[in-house]
Amino acid sequence: MLTKVIEQAKIDHFTKWFERADKIVIVSHVSPDGDAIGSSLGLYHFLDSQEKTVNVIVPNAFPDFLRWMPGSKDVLLYDRYKEFADKLIAEADVICCLDFNALKRIDDMADAVAASPARKIMIDHHLYPEEFCKITMSYPKISSTSELIFRLICRMGYFGDISKEGAECIYTGMMTDTGGFTYNSNNREIYYIISELLSKGIDKDEIYRKVYNTYSESRLRLMGYVLSNMTVYSDYNAALITLTKAEQSKFNYIKGDSEGFVNIPLTIKNVCFSCFLREDTEKPMIKISFRSVGTFPCNQLAAEFFNGGGHLNASGGEFFGTMEEAKAVFEKALEKYKPLLTAKS
Ligand code: 5GP
């Protein structure tokens, strides 16, 4: 049995909207990851089975390794179909905001979502949710938004209506947001949910292979290159990897190719904090990814030094400047956080 994570009043409130709504739009964050797409499509399949008119809209493209997901072909990319997406957002009865906690996380879509008269619900697990939705289901202790979608559908009484396709999407989001159940994954209820998803006929081993073992040769060579240039800060239990635009073109980089790189330095003994600096291909900025193990709050460092945020063990931010400048800020942050980085846990 599952703990009742979501408050009953919120379930009842959303159920009322759900019963009355016809047009439902699901939106998720910029550079959508496995949980953004998994939770969106998990909810999409359920709502579709209830004869709702459902559209999933995300700000921009998502990685190739998520394109096998059932329903992914119908996900609308806002940067390509803005006019059509604006119309759907404006005319929606309900907008479900999944896997993000602040309007700025949906980039150019923010204005349209804010202006829409639709009822809005946030379903998310990031800290510090902003108040832009009438119903806010925000549970930072839950490791993925996809898990919340499963919990929501069950609490509404529709477990029986979760299809194999929907279960595959929910499982994918749960798996990717925990690094294949290697972090944030000690809650035993996760495994109860997995067993329920298996009862829908999903092949979890195949899903793992489809997500993690479908890379290109150039991606693997890029990984080798990036790691060979890694800097390890032994005195700080930290490591840094970087990727410039020039290096990206040398390896025929496509979006998603560096997914997961930031986790690799954490496999070095004693390294508890990893940073990945990558020159963005679309915007003139450096995208920052942080990962930590244990109690080191990489979200705090991201907020303080890189105008970012996220979770205790997975966070990010943005830097407007050169790679050298970003590296200098990172090293300054290491100095400030040295006591926490070197504290024995
Ligand atoms: P990733 O390294 O996978 O891009 O991001 C990890 C987590 O960090 C995301 O799930 C998100 O919570 C957070 N994050 C990434 N980039 C940003 C950012 O620019 N601003 C904020 N506030 N959070 C971010």
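Structure first, text after, so check above.
Residues numbered from 1 in each chain as written. Predicted model: local features only at pLDDT ≥ 70, side-chain atom pairs only at ≥ 80, totals over all residues. Heavy atoms only, no water.

A. Structural view of the sheet that holds strand β8 (residues 238–243). Pairing within the open sheet is mixed, and its six strands lie in the order β7-β8-β9-β10-β12-β11. Each of the sheet's edge strands pairs with one partner strand only, and the pair in question is β7 (231–233) and β11 (309–310). In this structure, β7 lies alongside β8, joined through three bridges in antiparallel fashion. Looking at β8, one finds that valine 232 is bridged to alanine 239. Of the strands in this sheet, β9 (273–279), β10 (286–292), β11 and β12 (314–319) touch helix α11 (residues 298–306), which is tilted by about 10° from β12. (Pairing = 2+ DSSP bridges. Helix = DSSP H or I, 4+ residues; strand = E, 2+ residues; numbered from the N terminus. Contact = heavy atoms within 4.5 Å. Axes fitted to C-alpha atoms, helices over the stretch in contact; angles between N-to-C directions.)

B. Local environment of the pairing of β12. Sheet topology note: the β10/β12 ladder contains six bridges and is antiparallel. Within β12, the residue paired with isoleucine 288 across the bridge is glycine 317. Examined bridge by bridge, β11 and β12 share two bridges and lie antiparallel to one another. Bridge pairing in β12 links glycine 309 to glycine 316. In sequence, β11 turns back onto β12 through a hairpin of three residues.

C. Structural context of the site of the ligand. Not every one of the 14 residues close to the ligand is listed here, only the nearest: His126, Lys287, Ser289, Arg291 and Ser315. In this structure, an oxygen atom belonging to the ligand sits 2.9 Å away from a side-chain N or O atom of histidine 126. The contact in question runs from an oxygen atom of the ligand to an N or O atom on the backbone of glycine 316, over 3.3 Å. Out of a free accessible area of 500 Å², the ligand has 81% covered by protein chains. Listed by contribution, the elements that provide at least two residues to the shell around the ligand are β10, β11 and β12. At five residues, β12 tops the list of elements feeding residues into the shell around the ligand. Its residues assigned to classes, the shell around the ligand shows one nonpolar, nine polar and four charged. (Near = heavy atom within 4 Å. Polar contact = N/O pair within 3.5 Å; in protein donor to acceptor, adjacent residues only side chain to side chain. Areas by Shrake-Rupley, 256 points an atom, 1.4 Å probe, with all protein chains shown as cover. Nonpolar A, V, L, I, M, F, W, Y, C, P; charged D, E, K, R; others polar.)

D. Representation of the pattern of salt bridges in the model. For the coordinates displayed, the defined rule picks out 13 salt bridges. Here lysine 10 ties to glutamate 7 by a salt bridge, and the two come within 3.8 Å at their closest N and O atoms. Residue classification places glutamate 7 among the partly exposed residues on the basis of a relative accessible area of 37%. A single network of salt bridges, built from pairs that share partners, joins Glu147, Arg151 and Glu189. (Salt bridge = Lys/Arg side-chain N within 4 Å of Asp/Glu carboxyl O. Buried < 20%, exposed > 50% of the residue type's maximum accessible area, 1.4 Å probe, protein only.)

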